[in-house]
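# Fold and geometry: a report
In case you want the letters, here they are:
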Amino acid sequence: MSGSIFVGLLQNTAILLAFGLLYDNLWINRLEHPNLRIKIISGVLIGTIGIVLMLTPWTMIPGIVFDTRSVMLSIAGLFFGAIPTVVAMIMDIAFRAIIGGGGQLMGMVVILLSGTTGILWRLYRPHWMKGNRNLELLLLGITVHALMLASTVLLPSELKMGIFEAILIPMVLVYIPAELLLGRLLVSQYENWKTRLAREELLKSEQRLISDLVKAKEKAEESDRLKSAFLANLSHEIHTPMNGILGFAEILQNPNINGDEMKEYLGVIRESGTRMLDIIHDLIAVSKLETGQVNIRAASVNVNAILDEIYNRYSSPSEIKGLQLIVRKNLSDKECTITSDKEKIHSALSNLVKNAIKYSNEGVIEFGYVKKGRYLEFFVKDQGIGIPADKQAAIFDRFVQVNTSISTANAGTGLGLSITKAYAKLLGGAVSVTSEEGKGSTFYFTVPAWSAS
Ligand code: ADP
């Protein structure tokens, strides 16, 4: 090989390395979703590199030039696919046509055959990288350059034999190894990218895992805290009526108490008993809900009758604490008969009325229902202490209380609203609240009351 061939080869190697950089920087990061714009830009860049290769050839005889465009275009077809390679081929064929000379036709055909072979290889051997890559690249190199050798038939007849013999050795010693080396370079870039991606994915899933763990830990701590507060409240809630019952029962043993006193003390015992019963009901309801043992028993329900029962229970002076209780019945007794579960509606509404009384110091409490399409919407409106906006969603969860201090007169178990919510949901409705701190709250729950027709 002459000195000029050596210099030409070196230049070609440098240009092929530039092609390798193009794959790494422009293409590989978009490999997942390369859009048409990127495909065309890549094609133009590959075509330009092909032109630069053609501008730095080694000349065998004037008009017959050789360069490594066959290596680059076949590798482009294999790694970049059809669109970029076709764009590059069009540019390079046009440029080769402009150069002219005796090798014009062969040069143009070699461009076409090299790029197409790469594209077809990619198409018909999509998993080539998973097998023996060196062998695949070698076979591709041999195929492309065998086609190149065959293309010498397109040379002017007086040159054919001489050129064929002249390029046979560089083909085996330079072109085919160059194909293998350039292919290996791009494979390793591809693999580096895959490793980088895998590492990033790993890092992301590690971060996700950590944040999930932190959330789970916070949730566990929160529910632990809620359960401790619940147990403390429960103990308080049971002790208070129990002390009332036992204390007044003892006083009643005194034979000297008069009839009025006896009536008053029995009233306290009855009230304390009812309070105990309420707590026991709540506990049973929650454990049944928890274990999925609650069934809906649908029957004909007179909603006005439920309202009357609740009114009678809570309007007694001992229950209502000087507040005013107003009941609003919006439908006649005939119209307000629906098919639903009376016990669940009674319980859900009682919890809301009980809360309205518990969390109000003065004012009016209004409760009732309105017809909304095929739903009945029950409401309980108070002028009590209200609920901060950031707590309004959480209070429907079990054990959640706005003020968890059991020293307040308002201490409860934190179960009532969760029961109301669960019952409304079981019946096919939902709960909601609007509230303003210091001004009062209105709780709502809906139940489907009439069929859709
Ligand atoms: P409990 O009343 O036993 O604490 P609930 O589940 O019935 O449990 O209510 C949860 C919390 O919601 C209460 O602790 C209270 O802070 C708040 N809350 C419920 N109803 C009202 C209301 N009408 N006005 C103000 N706060 C309320």
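Residues numbered from 1 in each chain as written. Predicted model: local features only at pLDDT ≥ 70, side-chain atom pairs only at ≥ 80, totals over all residues. Heavy atoms only, no water.

### Some thoughts on helix H6 (residues 133–150)
Here H6 spans 25 Å end to end across 18 residues, near enough to the 26 Å set by a 1.5 Å rise per residue. If you check which residues of H6 are buried, you get Glu 136, Leu 137, Leu 140, Gly 141, Val 144, His 145, Met 148 and Leu 149. Two or three places before Asn 134, at the start of H6, stands the capping residue Asn 132, its side-chain oxygen 3.3 Å from that residue's backbone nitrogen. (Helix = DSSP H or I, 4+ residues; strand = E, 2+ residues; numbered from the N terminus. Expected span 1.5 Å × (residues − 1). Buried < 20%, exposed > 50% of the residue type's maximum accessible area, 1.4 Å probe, protein only. Polar contact = N/O pair within 3.5 Å; in protein donor to acceptor, adjacent residues only side chain to side chain.)

### Quick look at the site of the ligand
Around the ligand, a shell composed of 20 residues is seen, among which Asn 355, Tyr 359, Asp 382, Gln 401 and Leu 417 lie nearest. Note that an oxygen atom of the ligand is positioned 2.9 Å from one of the backbone N or O atoms of Gly 414. The separation between an oxygen atom of the ligand and a polar main-chain atom of Gly 416 is 3.3 Å. Contact with the protein chains covers 97% of the free accessible surface of the ligand, which is 520 Å². Sorting the residues of the shell around the ligand by element identifies helix H11 (342–358), helix H12 (416–427) and strand S9 (440–448) as the ones contributing at least two each. Looking at the shell around the ligand residue by residue, the class counts come to 10 nonpolar, 8 polar and 2 charged. (Near = heavy atom within 4 Å. Areas by Shrake-Rupley, 256 points an atom, 1.4 Å probe, with all protein chains shown as cover. Nonpolar A, V, L, I, M, F, W, Y, C, P; charged D, E, K, R; others polar.)

### Some thoughts on the confidence of the model for the chain
Looking at the chain, the pLDDT average stands at 89 and 94% of residues meet or exceed 70. When pLDDT is averaged over each helix and strand of the chain, the minimum, 67, is found for strand S1 (residues 58–61) and the maximum, 97, for strand S7 (residues 375–381). (pLDDT = per-residue confidence, 0-100.)

### Quick notes on the domain arrangement of the chain
What the domain assignment reports for the chain is domain 1 (3–206) and domain 2 (295–448). The distance between the C-alpha centroids of domain 1 and domain 2 comes to 78 Å. (Domains from an automatic or database assignment.)

### Considering the packing of helix H2 (residues 36–55) against helix H3 (residues 69–80)
Across the interface, H2 lies against H3 with an axial gap of 10 Å and an inter-helix angle of 165 degrees. Between H2 and H3, the angle is such that the two are roughly antiparallel. The hand of the H2/H3 crossing is right-handed. Along its contact with H2, which presents Ser 42, Ile 46, Ile 49, Gly 50, Leu 53 and Met 54, the element H3 presents Arg 69, Met 72, Leu 73, Ala 76 and Phe 80. Taken together, the residues of the contact of H2 with H3 sort by class into 8 nonpolar, 2 polar and 1 charged. (Axes fitted to C-alpha atoms, helices over the stretch in contact; angles between N-to-C directions. Parallel < 35°, antiparallel > 145°, perpendicular 65-115°, else oblique. Left-handed = near helix turned anticlockwise from the far one by under 90°. Contact = heavy atoms within 4.5 Å.)

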